Amino acid sequence: MSSNQAQHRAREILVRYCKRLPKIELHAHLNGSIRDSTLLELAQEHDQRGTISSYPNVREIILKEDRSLQECFKLFDVIHVLTTDHSFITRITKEVIEDFAAENVVYLELRTTPKSNVLTGMTKRSYVEAVLAGITKANLVLCENHQLHAHGIQVRLLLSIDRRETTDQAIETVKLALEMKSHGVVGIDLSGNPVTGNWKTFLPALTYARQCGLPVTLHCGEVHNPDEVEEMLAFHPDRLGHACVLQESQWERLHNLRIPVEVCFTSNLRTGCVKSICDHHFAWLYKTHYPLVICTDDRGVFSTNLSSEYAIAATSFDLSEHDLFELAKNATRFIFAEEPLKRHLDRIFAGVEPNYR
Ligand code: IMP
Ligand code: ZN
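Residues numbered from 1 in each chain as written. Chains lettered and ligands numbered in written order. Predicted model: local features only at pLDDT ≥ 70, side-chain atom pairs only at ≥ 80, totals over all residues. Heavy atoms only, no water.

## A look at the overall build of the chain
Counting its regular elements, the chain contains 15 helices and eight strands. By the compact-globule yardstick of 21 Å for 357 residues, the chain fits well, its C-alpha radius of gyration being 20 Å. Taken along the three principal axes of its C-alpha coordinates, the chain extends 60 × 45 × 40 Å. Across the 357 residues that make up the chain, the buried fraction comes to 54%. By sequence separation, contacts in the chain at least 24 residues apart represent 74% of the contacts at least 6 residues apart. For the chain, the accessible surface area stands at approximately 15600 Å², while carbon and sulfur atoms represent 51% of it. Across the chain, the 39 positively charged side chains and the 46 negatively charged ones have centroids separated by 3 Å. (Helix = DSSP H or I, 4+ residues; strand = E, 2+ residues; numbered from the N terminus. Rg over C-alpha atoms; globule rule 2.2 N^0.38 Å. Buried < 20%, exposed > 50% of the residue type's maximum accessible area, 1.4 Å probe, protein only. Contact = heavy atoms within 4.5 Å. Areas by Shrake-Rupley, 256 points an atom, 1.4 Å probe, with all protein chains shown as cover. Lys, Arg positive; Asp, Glu negative; His and termini not counted. Charge placed at Lys NZ, Arg CZ, Asp CG, Glu CD.)

Put into structure tokens, the structure is as follows:
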């Protein structure tokens, strides 16, 4: 076998292993995780109705590769025009869950920004109800095909606050999350274009969430903004998304705080938050046994999946299969869902561990 063939074979084995591995996904945006084929279908449907005339080149926008961070947010604007119907929201939720289940994700914490739209009669509440309907539909389909998904997939929801929103809109989202707690909403996320707005606008809402017992995760350090990073660390959220651009003293501070970091390789590289995989802070986090979890961010927008992200960790940082298993297993420590579910996930990993040594 030539060395090229051997490399190819090793890669195949690794990818198969990563797919088979039970995994925990904690940072996935619903509208960033839609299949390209579904987006194109929705675009066609809107085109026939004449509801996307302001985007004549919608196909090219959807299919473009290598987007900058700002181009990603242009794409999100297009996606949000395509997903303004309740039935579309239900459909994409169902499909996204099926896609994660197909690669052995056993726990998915899906996040999405509740949106209102007067034209389609959508309110933040009806939006979340449409998402919940999608979760129910996915569960039904997956139950029927349970032999394909040995461990099943548990889905919980985080409601996101978009950095374009006002304080009152953010508080409305937190109140909605509290009302929907018994339906599987387990926390709050702050996301959106990192160069937009001031995160302090959302501090009252985030503080309120915390006071009411809702865990909070913040998108942090996607761009150079040391003051914001400083304030976010002082807030001490339950998890941090990305945490790419920190100053020397802030890395030290983070190290002591031990706030779990949601690491998203492909997203960070595609958006330029990290220059190259060799510069990725995963190396330092991993070496120092820092709490972290590997995630996708936007599997649709960045054409990735969780298995590939694990494979990237293995090839880029020389991790063994056993190291990957430990990473996947440890991620159960950082979920926002209730303790019994954590124990259920621990049992899944304990049950399969002998096969992964
Ligand atoms: P949605 O909340 O389901 O509509 O998912 C898309 C939204 O997630 C975007 O409009 C952003 O607000 C947020 N988002 C997705 N990816 C990123 C990211 O890389 N940085 C910050 N926000 C993001
Ligand atoms: Zn994100």
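Still more ground to cover, so stick around.
## Quick word on the packing of helix α1 (residues 3-20) against helix α14 (residues 321-330)
Contact geometry for α1 and α14: axes closest at 11 Å, N-to-C directions at 20°. Relative to α14, α1 is oriented roughly parallel. The hand of the α1/α14 crossing is right-handed. On the side of α1, the interface is formed by I13, L14, Y17 and C18, while α14 contributes E321, H322, L324 and F325. Grouping the constituent residues of the contact of α1 with α14 by class yields six nonpolar, one polar and one charged. (Axes fitted to C-alpha atoms, helices over the stretch in contact; angles between N-to-C directions. Parallel < 35°, antiparallel > 145°, perpendicular 65-115°, else oblique. Left-handed = near helix turned anticlockwise from the far one by under 90°. Nonpolar A, V, L, I, M, F, W, Y, C, P; charged D, E, K, R; others polar.)

## A look at the coordination of the zinc ion (ligand 2)
Surrounding the zinc ion (ligand 2) are the protein donor atoms H27 (NE2), H29 (NE2), H219 (NE2) and D297 (OD), which sit 2.1 to 2.2 Å from the metal. Classification of the site at the zinc ion (ligand 2) rests on its four donor atoms, whose angles at the metal span 81 to 168°, yielding the label irregular. Positions of the donor residues of the zinc ion (ligand 2), expressed as sequence spacing, correspond to H-x1-H-x189-H-x77-D. Of the two residues, H29 is situated in strand β1 (residues 23-29) and H219 in strand β5 (residues 216-220); the sequence distance between them amounts to 190 residues. Note on accessibility: H29 and H219 belong to one class, buried. (Donors = N, O, S within 2.8 Å, 3.2 Å for Na, K, Ca; no water. Tetrahedral: all angles 85-135°; square planar, octahedral: opposite > 155°, others 65-115°.)

## Focus: the pattern of salt bridges
Within this structure, the stated rule accounts for 27 salt bridges. Two residues, E98 and R35, come together in a salt bridge whose shortest N-O distance is 3.8 Å. Of this pair, E98 sits in helix α5 (residues 86-102) while R35 sits in the loop between β1 and α2 (36-49), placing them 63 residues apart in sequence. Residue classification places R35 among the partly exposed positions, given a relative accessible area of 29%. Among the salt bridges present, the one from D99 reaches R35, with a minimum N-O distance of 2.8 Å. One end of the pair, D99, is in helix α5; the other, R35, is in the loop between β1 and α2, with 64 residues separating them in the sequence. (Salt bridge = Lys/Arg side-chain N within 4 Å of Asp/Glu carboxyl O.)

## Considering the nonpolar core
Counting 114 residues, the largest nonpolar core has I188, L206, F282 and L324 as the members making the most contacts within it. Here F282 is in contact with V263, F265, L292, I294, A313, F317, L319 and L327, once residues within four sequence places are set aside. (Core = buried A, V, L, I, M, F, W, Y, C linked by side-chain atoms within 4.5 Å.)

## Points about the site of ligand 1
Around ligand 1, 17 residues are found, and the nearest of them are H80, T112, T113, K115 and E222. Here an oxygen atom of ligand 1 sits 2.9 Å away from a polar atom, N or O, in the side chain of H29. A distance of 2.9 Å separates an oxygen atom of ligand 1 from a polar side-chain atom of N31. Burial of ligand 1 by the surrounding chains reaches 98%, relative to a free accessible area of 490 Å². Looking at the shell around ligand 1 element by element, the count peaks at three residues for helix α4 (residues 69-82). Tallied by class, residues from the shell around ligand 1 come to three nonpolar, nine polar and five charged. (Near = heavy atom within 4 Å. Polar contact = N/O pair within 3.5 Å; in protein donor to acceptor, adjacent residues only side chain to side chain.)

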